[in-house]
Amino acid sequence: MSKSLGNVVDPIEVICGITLEGLHKRLGEGNLDPNKLKVAIEGQKRIFLMVFQNVGQMPFDLPLSHTLPRYHYQVIHTIYSWWQFQLCDIFIEVIKPYFFGDDASMAASKAHAQDTLWVCLDTGLRLLHPFMPFVTEELWQQHRSLKHCEREKSIMISDYPSVVESWRNEKVEYEMEVVESPCELALQFLERNKLQSF
């Protein structure tokens, strides 16, 4: 699956109750080769039926969003947006240069980036835990603790994340907004004009 090919299913659309026809329409809007489009549509049919027949035997005419209170949907959407658009799209891309090469002058910055990434992953898993308990527990067990940090033996007994005011830095947040704005505009332009990004 590839975002650039347009053959990825967006979990938010599934939560909102997208139909199989809606998934097919999404594929058609992408840039798949017509032969691959047919294969992808058949794959969607097979997977869609398999998943929805096995997930609590839910009726096909009931959107998934009807099974969650509205507040829970908003929380899940916010957490998903943070993982996708803040952690993956921005933070991981920003720290990549620290991990290429063996420049000794970058050692401290690399260590800070690693520690920050660890905190982000740890916090993200704890945010998701009430909604995905088994997956997050497994990932928590695989996610090693930092040497200088102690944590609970299970995510289930860990504290739910809360705001740490001392971590706020309005200057850095403003600088990131200045960097992000042109990128967001460029992506919107590419999407609006059905162009591929590099």
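Here the structure is a predicted model, which is why all the values come from computation and not from measurement.

Here we take up the overall build of the protein. Along the protein, the regular secondary structure elements total seven helices and zero strands. Here the protein holds 198 residues, and 25% of them are scored as buried. A separation of at least 24 residues holds for 53% of the contacts in the protein among residues at least 6 apart in sequence. A total accessible area of about 14,900 Å² is found for the protein, and carbon and sulfur atoms account for 61% of it.

As a further point, take the nonpolar core. Looking at soluble globular proteins, one finds that nonpolar side chains tend to be buried together. Residues Val 75, Ile 79, Trp 83, Leu 87, Cys 120, Leu 127 and Leu 128 constitute the largest nonpolar core, which totals seven residues. Looking at this core, the elements with two or more residues in it are helix H4 (70-95) and helix H5 (107-128). What Leu 127 contacts, discounting residues up to four positions off in sequence, is Ile 79, Tyr 160 and Pro 161.

Before going further, it helps to spend a moment on the packing of H5 against helix H6 (residues 133-142). It is at 9 Å that the axes of H5 and H6 come closest, and there the two elements cross at 155°. On the basis of their axis angle, the class for H5 and H6 is roughly antiparallel. Crossing handedness for the pair H5 and H6: left-handed. When H5 is examined against H6, the residues Asp 122, Leu 125, Arg 126 and Leu 128 are found in contact with a partner set consisting of Thr 136, Leu 139 and Trp 140.

For the rest of this paragraph, the subject is the environment of Glu 13. Secondary-structure assignment places Glu 13 in helix H1 (residues 11-15). A residue is classified by how much of its surface remains accessible, and Glu 13, at 18% relative accessible area, is buried. Here the alpha-carbon distance between Glu 13 and Leu 23, two residues 10 residues apart in the chain, equals 8.9 Å. Each residue touching Glu 13, except ones within four places of it in the same chain, is listed here: Ile 18 and Arg 26.

Moving on, we come to the confidence of the model for the protein. The pLDDT averaged across the protein works out to 77; a share of 78% of its residues lies at or above 70. The lowest-confidence element of the protein is H1, averaging 67 in pLDDT; the highest-confidence one is H5, averaging 89.

Evaluated as defined, the whole model comprises two aromatic pairs. Measuring from ring centre to ring centre gives 6.4 Å for Tyr 80 and Phe 85, while their planes differ by 85°; the resulting arrangement is edge-to-face. Aromatic pair Trp 82 and Trp 83: ring centres 5.5 Å apart, planes at 80°, arrangement edge-to-face. Exposure remark for Trp 82: the relative accessible area of 25% places this residue in the partly exposed category. Residue classification places Trp 83 among the buried residues on the basis of a relative accessible area of 18%.

Another aspect to go through is helix H7 (residues 170-192). Counted at 1.5 Å a residue, the expected span for H7 with its 23 residues is 33 Å, and the 32 Å between its end C-alpha atoms agrees. Of all the bends in H7, the greatest, near 25°, is centred on Glu 180, and the proline Pro 182 appears no more than four residues after it. Where H7 starts, the residue carrying a side-chain oxygen 3.2 Å from the main-chain nitrogen of Lys 171 turns out to be Asn 169. Just downstream of H7 lies Lys 194, where phi reads positive at about 55°.

Definitions and limits used
- Residues numbered from 1 in each chain as written.
- Predicted model: local features only at pLDDT ≥ 70, side-chain atom pairs only at ≥ 80, totals over all residues.
- Heavy atoms only, no water.
- Helix = DSSP H or I, 4+ residues; strand = E, 2+ residues; numbered from the N terminus.
- Buried < 20%, exposed > 50% of the residue type's maximum accessible area, 1.4 Å probe, protein only.
- Contact = heavy atoms within 4.5 Å.
- Areas by Shrake-Rupley, 256 points an atom, 1.4 Å probe, with all protein chains shown as cover.
- Core = buried A, V, L, I, M, F, W, Y, C linked by side-chain atoms within 4.5 Å.
- Axes fitted to C-alpha atoms, helices over the stretch in contact; angles between N-to-C directions.
- Parallel < 35°, antiparallel > 145°, perpendicular 65-115°, else oblique.
- Left-handed = near helix turned anticlockwise from the far one by under 90°.
- pLDDT = per-residue confidence, 0-100.
- Phe/Tyr/Trp six-rings, centres within 6.5 Å; stacked < 30°, edge-to-face > 60°.
- Expected span 1.5 Å × (residues − 1).
- Bend = angle between axes of the 7 residues up to and from the residue.
- Polar contact = N/O pair within 3.5 Å; in protein donor to acceptor, adjacent residues only side chain to side chain.

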